[in-house]
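# Summary of structural features
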Amino acid sequence: MHPTQIFINSQQLVSNLNSIRQHVGDGIKLCLPVKANAYGHGLAGVSKLAEPHVDYLAVSCLDEGRLLRDIGIKKPILVFGAFDEEQIAGLINHDLEVTISSQYKAQLLIKFCEMYRVTCKVHIKIDSGMNRVGVRSSSAPALIDYVLAHPCLDLCGVYSHLAASDEIDKPLTHIQIEQFGHVAQYVKSRKPDVICHLANSGGVAYFAESYFDMVRPGLLSYGYFPAHPINTSPLQAVKPCFSLITRVSYFKVVYANSGISYNHRYKTMYDTRVVTLPIGYGDGYRRGLSNLGEVIIRGQKYTISGTICMDMLMVDIGSNGEAYVGDKVVLIGRSGELEITIASIAAKLNTIIYEVLVGLNERIPRVYY
Ligand SMILES: *Cc1c(COP(=O)(O)O)cnc(C)c1O
């Protein structure tokens, strides 16, 4: 067994999805974004676990969608990202729902569909203020009409993305909701069963007017709030389901005034005990946590000592510290009263929870319990 593992609490993940459903209310569909290896939680494992509890899964590209079909996922899968002409066959053959943001991309699909006499499920992406991808709200009706005029394109959805739903007191989200609302009204007048969707995690947690027909919370489904936690609704039960665990692989006594690891960026003050852990930046445990990151061993929190290596890191547990080869080590998660949160790691690295989660790579096996 690999000594370093990510444990996913299946029950907690499912409970998060159910809490979100309860919070948004009946009749609103739930789409779970599983892009980027399901935010580090494992694309295949999470998708199999979540499938019965969601209406849609969403990925960023053809390869992620294909993997889901290959493992037997049957629910609708939306691909958020843009596609190339060479990918059209793969997208359609795997029954993936494609995002289009321009008439040009619609034309590429139509050309393919007419040639092979197939249909393609599409969602039109609206730019309501992110200024990333998507057709401008003002040009949306023309693109909607164009798609509806081509029966080989099956218009399943129209959506947009919130740029700042974690900033509760700023007006941008309200402006985006209003803009998207106009487009939603237009498309419903032409095809009432089109799924209009806008809300990401921040939308779900903080902006009830953003729900429309379906919500797409990623971060929140995995147990994290984009801003302040909600303690009043069913969302109060939303909790992380992710822990990062390893085992002590080596123990030694190091003499006083010795440097540890590359470039000796940590110096021992006295004769002390040092343990080595089999995890490093090669697993995505970031080198920026050198002399900063924390671990829990036998109910004690310690700071990492010295530079994190590609495959290992060291911890000075003090001259009386207790830890032996094989001991369990928590790098993310709880151990009794103690906890190391991803938020604390993100703060040390001056980044966001998302980046810490997706950075832990596929060398670390995911274990579902
Ligand atoms: C990633 C993504 C989401 C989920 O965002 P969270 O902030 O994790 O909730 C929703 N919609 C789109 C289009 C995305 O790319």
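Residues numbered from 1 in each chain as written. Predicted model: local features only at pLDDT ≥ 70, side-chain atom pairs only at ≥ 80, totals over all residues. Heavy atoms only, no water.

### Section: the domain arrangement of the protein
Many authors give the size of an interface as the accessible area that is lost as the parts come together. Segmenting the protein into domains produces domain 1 (10-224) and domain 2 (242-368). Summarising the inter-unit geometry, the C-alpha centres of domain 1 and domain 2 are found 38 Å apart. Every contact between the two is made by twelve residues of domain 1 and, on the other side, nine residues of domain 2. The contact between domain 1 and domain 2 buries some 1000 Å² in all, and 67% of this surface belongs to carbon and sulfur atoms. (Domains from an automatic or database assignment. Contact = heavy atoms within 4.5 Å. Buried area = accessible area lost by both parts, 1.4 Å probe.)

### Let's talk about the packing of aromatic side chains
Applying the stated criterion across every chain, the model contains seven aromatic pairs. A centroid spacing of 6.0 Å and a plane angle of 45 degrees characterise the contact between Phe 80 and Tyr 159, whose relative ring orientation is tilted. Here Tyr 159 lies in strand S8 (residues 153-160) and Phe 80 lies in the loop between strand S4 (77-79) and helix H5 (88-93), a separation of 79 residues in the sequence. Take Phe 80 and Tyr 159: they sit in the same class, and that class is buried. On the numbers, 4.9 Å between centres and 90 degrees between planes, the contact of Phe 180 with Phe 212 is edge-to-face. Pair noted here: Phe 180 is in helix H8 (residues 172-190) and Phe 212 is in the loop between helix H9 (201-206) and strand S10 (214-215), with a separation of 32 residues, a long-range link. Phe 180 sits in the buried class, given a relative accessible area of 0%. Taken together, the aromatic side chains of Tyr 39, Tyr 222 and Tyr 354 make up a single cluster linked through ring pairs. Positioned above the aromatic ring of Phe 83, the side-chain terminus of Lys 105 is 5.0 Å from the ring centre. (Phe/Tyr/Trp six-rings, centres within 6.5 Å; stacked < 30°, edge-to-face > 60°. Helix = DSSP H or I, 4+ residues; strand = E, 2+ residues; numbered from the N terminus. Buried < 20%, exposed > 50% of the residue type's maximum accessible area, 1.4 Å probe, protein only. Lys NZ or Arg CZ within 6 Å of the ring centre and 35° of its normal.)

### Points about helix H7 (residues 140-148)
Turning to H7, its buried residues are Ala 140, Leu 143, Ile 144, Tyr 146 and Val 147. For H7, the angular spread of buried residues about the axis comes to 160 degrees, placing them on one side. On its buried face, H7 sits against strand S5 (96-100), helix H6 (103-116), strand S6 (120-127), strand S7 (135-136), S8 and H8. (Arc of directions from axis to C-beta.)

### Re the pairing of strand S17 (residues 300-303)
In this structure, strand S16 (residues 294-297) lies alongside S17, joined through four bridges in antiparallel fashion. Looking at the pairing, Glu 294 lines up with Thr 303 of S17. Counting the residues that bridge the hairpin from S16 to S17 gives two residues, and of these Arg 298 lies at a positive phi of roughly 45 degrees. (Pairing = 2+ DSSP bridges.)

### Details of the site of the ligand
Around the ligand, the surrounding shell consists of Pro 33, Lys 35, Tyr 39, Phe 80, His 161, Asn 200, Ser 201, Arg 216, Pro 217, Gly 218, Leu 219 and Tyr 354. Measuring from a nitrogen atom of the ligand, one finds a side-chain N or O atom of Arg 216 at 2.9 Å. In the environment of the ligand, an oxygen atom lies 2.8 Å from a nitrogen or oxygen atom belonging to the backbone of Gly 218. If the ligand stood free it would expose 390 Å²; the protein chains cover 91% of that surface. The residue inventory of the shell around the ligand, partitioned by class, reads six nonpolar, four polar and two charged. (Near = heavy atom within 4 Å. Polar contact = N/O pair within 3.5 Å; in protein donor to acceptor, adjacent residues only side chain to side chain. Areas by Shrake-Rupley, 256 points an atom, 1.4 Å probe, with all protein chains shown as cover. Nonpolar A, V, L, I, M, F, W, Y, C, P; charged D, E, K, R; others polar.)

### Thoughts on the environment of Ser 233
On the secondary structure map, Ser 233 appears in the loop between S10 and strand S11 (242-247). The class for Ser 233 is buried, based on a relative accessible area of 14%. Remark: the alpha-carbon pair of Ser 233 and Ile 20, spanning 213 residues in sequence, is separated by 9.4 Å. A polar atom in the side chain of Ser 233 sits 2.9 Å from the side chain of His 23.

### Here we look at the state of the cysteines
Counted by the stated rule, this structure contains zero disulfides. Between Cys 152, a free cysteine, and Cys 113, which holds the nearest cysteine sulfur, the sulfur-to-sulfur gap is 4.5 Å. In this model Cys 196 remains outside any disulfide bridge; the closest cysteine sulfur is found in Cys 156, 12 Å from its own. Of the residues examined, Cys 196 reaches a relative accessible area of 1% and is grouped as buried. (Disulfide = S-S within 2.5 Å.)

### Quick word on the environment of Pro 33
Position of Pro 33 relative to the elements: it lies in strand S2 (residues 29-33). Judged by its relative accessible area of 3%, Pro 33 falls in the buried class. Each C-alpha atom, one on Pro 33 and one on Ala 184, is 21 Å from the other, the two residues being 151 residues apart in sequence. Those residues in contact with Pro 33 that lie beyond four places of it in its chain are Tyr 39, Ala 58, Phe 80, Arg 216, Pro 217, Gly 218 and Tyr 222.

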